[in-house]
Amino acid sequence: MCSCGQRWMLSVFPAMLTPYAMSPSGERVVMDDQASCFYHSSKKAVIPCDHCGRFLCSLCDMDLDGVHLCPKCLEDPSNWKRIDQLQNQRALLDNVAIALCLTPLVLTAVAGMGLAIKRWQRPDSILDLGNGRKVLAIAIGLVQLAAGGWLLFHLRGS
Amino acid sequence: MSEQDIPYRKIVSECAGPFLNRRGVYLAEDHLLCLYSTAFSENYRRFYFRDIQAIQVCRTLGGFVGSMLLLILAVVLCLSLWANELNPMDGVVEALAWGVVPLLLAYMIVSLRKGGSCVCRVQTAVSSQVMPVTNVRGARRLVEVVGPLVEAAQGPLTPEMKMQLSLGK
């Protein structure tokens, strides 16, 4: 129990005590024939970018589990698809497809049932054929809504 | 290995809204995946085991307050049903009450089984992220499953480390 009265549970791991690692700042170019970083001409190149091939110093090298990128390539969203660790969002197009198929089902059901209920008292045909077809329309609408609800329930489940 | 090949194991999953909204925590070989999903898109946040410094679970009053409100509502509806027997008023109101009271009681039972509400955070060197886990049972399961994996990645806490932590680093 904390002094504020709240009950809480804390699990601590050794990383809490690990000192913050300083990132390498890059070695300076010593000799004229040494390759230099594309972004820092005074720093020695250690690795090329895996995407654009530019030479990078240890400061500019962005290592993502073995894939080395320069800052420019890392900024470009078109590269994110190639690197699993950078995929932070996906569109669920399968749900979009199901929604596109279900929406007319629900809309037509509601429209048909509404029309049948609204016109219940007023005969449409001059022959006054009764409300049998309106009952059928309402029944079909209910089946459509039930089918849509069942599919939606299964979508949530999956 | 592509994302398709990474098998994710579900640890905690919750429904977050009426429109297929989901959130949950999933386990991969070397990291946790926090999933925030709407009907048509998913957002992810990853926490690698080597980076996790601590997992905090703090109980909140939200679940208790919500359960009490539902209980009061159920009692009021029961009283209205009892009064309705003495002085019948409206069949629709009675039907509504009979339909709602069992639902309220069922929801309360489910909430009680989940152990109440809480806030669960994962702390790293650069962030303190609230996890998509809002009940105590799910948080306990998260700690039980993830704790050993983090210890396997970082090593166990030695007595010297515990001493350092108790002295405030």
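As a reminder, the structure under discussion sits directly above these lines.
These figures come from a predicted structure and were not determined experimentally.

A. How the structure looks around the overall build of chain B. Check the secondary structure of chain B and you find 4 helices and 7 strands. Along chain B, from the amino end to the carboxyl end, the secondary structure elements read β-β-β-β-β-α-α-β-β-α-α. For chain B, long-range pairs separated by at least 24 residues make up 47% of all intrachain contacts whose partners lie at least 6 apart in sequence. Here chain B displays about 10000 Å² of accessible surface, and carbon together with sulfur accounts for 65% of that area.

B. Representation of the sheet that holds strand E7 (residues 128–130) of chain B in the model. Strands sit in the order E1(A)-E5(B)-E6(B)-E7(B) across an open sheet of 4 strands; the sheet is antiparallel. With one partner strand each, in any of the chains shown, strand E1 (8–12) of chain A together with E7 of chain B form the two edges of the open sheet. Across this sheet, the average inter-strand angle for adjacent strands is 15°, counted without regard to direction. With 5 bridges connecting them, E1 of chain A and strand E5 (residues 54–59) of chain B associate as antiparallel partners. Its bridge partner lying in E5 of chain B, Val12 of chain A is registered against Ala54 of chain B. Sheet strands in contact with helix H3 (residues 136–154) of chain B are E1 of chain A together with E5 and strand E6 (118–123) of chain B, and its direction is about 165° off that of E5 of chain B.

C. Quick peek at a nonpolar patch on the surface. A contiguous nonpolar patch, built from Leu61, Phe64, Val65, Met68, Leu69, Leu71, Ile72, Val75, Val76, Leu79 and Trp82 of chain B and spanning about 1100 Å² of accessible area, is present on the exposed surface. Structurally, Leu79 of chain B can be placed in helix H1 (residues 62–86).

D. Structural context of the side chain of Ser11 of chain A. If you trace the backbone, Ser11 of chain A turns up in strand E1. Overall, the relative accessible area of 16% leaves Ser11 of chain A in the buried class. Leaving out residues up to four positions away in the same chain, Ser11 of chain A has contacts with Gln53, Ala54, Ile55 and Val143 of chain B.

E. Fine view of the sheet that holds strand E4 (residues 41–48) of chain B. Strand order in the open sheet formed by 5 strands is E6(A)-E4(B)-E3(B)-E2(B)-E1(B), with antiparallel pairing between adjacent strands. Because the sheet does not close on itself, it has two edges, and the strands there are strand E6 (89–91) of chain A together with strand E1 (9–15) of chain B. On average, each strand axis in the sheet is tilted by 20° relative to the strand beside it, whichever way the strands run. Strand direction decides the pairing type here: strand E3 (residues 31–37) of chain B and E4 of chain B, joined by 7 bridges, are antiparallel. Bridging across to E4 of chain B, Leu35 of chain B finds its partner in Tyr44 of chain B. H3 of chain B contacts E1, strand E2 (22–27) and E3 of chain B of the sheet and is inclined by roughly 160° relative to E1 of chain B.

F. Highlighting the environment of Asn95 of chain A. Note on placement: Asn95 of chain A falls in helix H2 (residues 93–118). Sequence separation between Asn95 of chain A and Leu152 of chain A is 57 residues; the distance between their C-alpha atoms is 10.0 Å.

G. The arrangement of H2 of chain A in detail. Look at H2 of chain A: 37 Å from first C-alpha to last across 26 residues, which is about the 38 Å you get at 1.5 Å a residue. Buried within H2 of chain A are the following residues: Asn95, Leu102, Ala109, Met113 and Ala116 of chain A.

H. Main features of the interface of chain B and chain A. Taken together, the contact between chain B and chain A spans 44 residues of the former and 28 residues of the latter. Summing both sides of the interface, chain B and chain A together bury roughly 3300 Å²; the carbon and sulfur share of this comes to 58%. Scanning the region where chain B abuts chain A turns up 0 salt bridges. Across the contact surface, chain B and chain A share 11 residue pairs in polar contact (both at pLDDT 80 or more). Residue classes in the side of chain B that touches chain A are distributed as 21 nonpolar, 15 polar and 8 charged.

I. Molecular detail of the pairing of E5 of chain B. Relative to E6 of chain B, E5 of chain B runs antiparallel, the two being bridged by 6 bridges. Each residue of the ladder has a partner; that of Val57 of chain B, found in E6 of chain B, is Cys120 of chain B.

Criteria and thresholds
Residues numbered from 1 in each chain as written. Chains lettered and ligands numbered in written order. Predicted model: local features only at pLDDT ≥ 70, side-chain atom pairs only at ≥ 80, totals over all residues. Heavy atoms only, no water. Helix = DSSP H or I, 4+ residues; strand = E, 2+ residues; numbered from the N terminus. Contact = heavy atoms within 4.5 Å. Areas by Shrake-Rupley, 256 points an atom, 1.4 Å probe, with all protein chains shown as cover. Pairing = 2+ DSSP bridges. Axes fitted to C-alpha atoms, helices over the stretch in contact; angles between N-to-C directions. Patch = residues over 30% accessible without salt bridge, like charges linked within 9 Å, V, L, I, M, F, W, Y side chains within 5 Å. Salt bridge = Lys/Arg side-chain N within 4 Å of Asp/Glu carboxyl O. Buried < 20%, exposed > 50% of the residue type's maximum accessible area, 1.4 Å probe, protein only. Expected span 1.5 Å × (residues − 1). Buried area = accessible area lost by both parts, 1.4 Å probe. Polar contact = N/O pair within 3.5 Å; in protein donor to acceptor, adjacent residues only side chain to side chain. Nonpolar A, V, L, I, M, F, W, Y, C, P; charged D, E, K, R; others polar.

No statement about biological role is implied by the geometric values presented.
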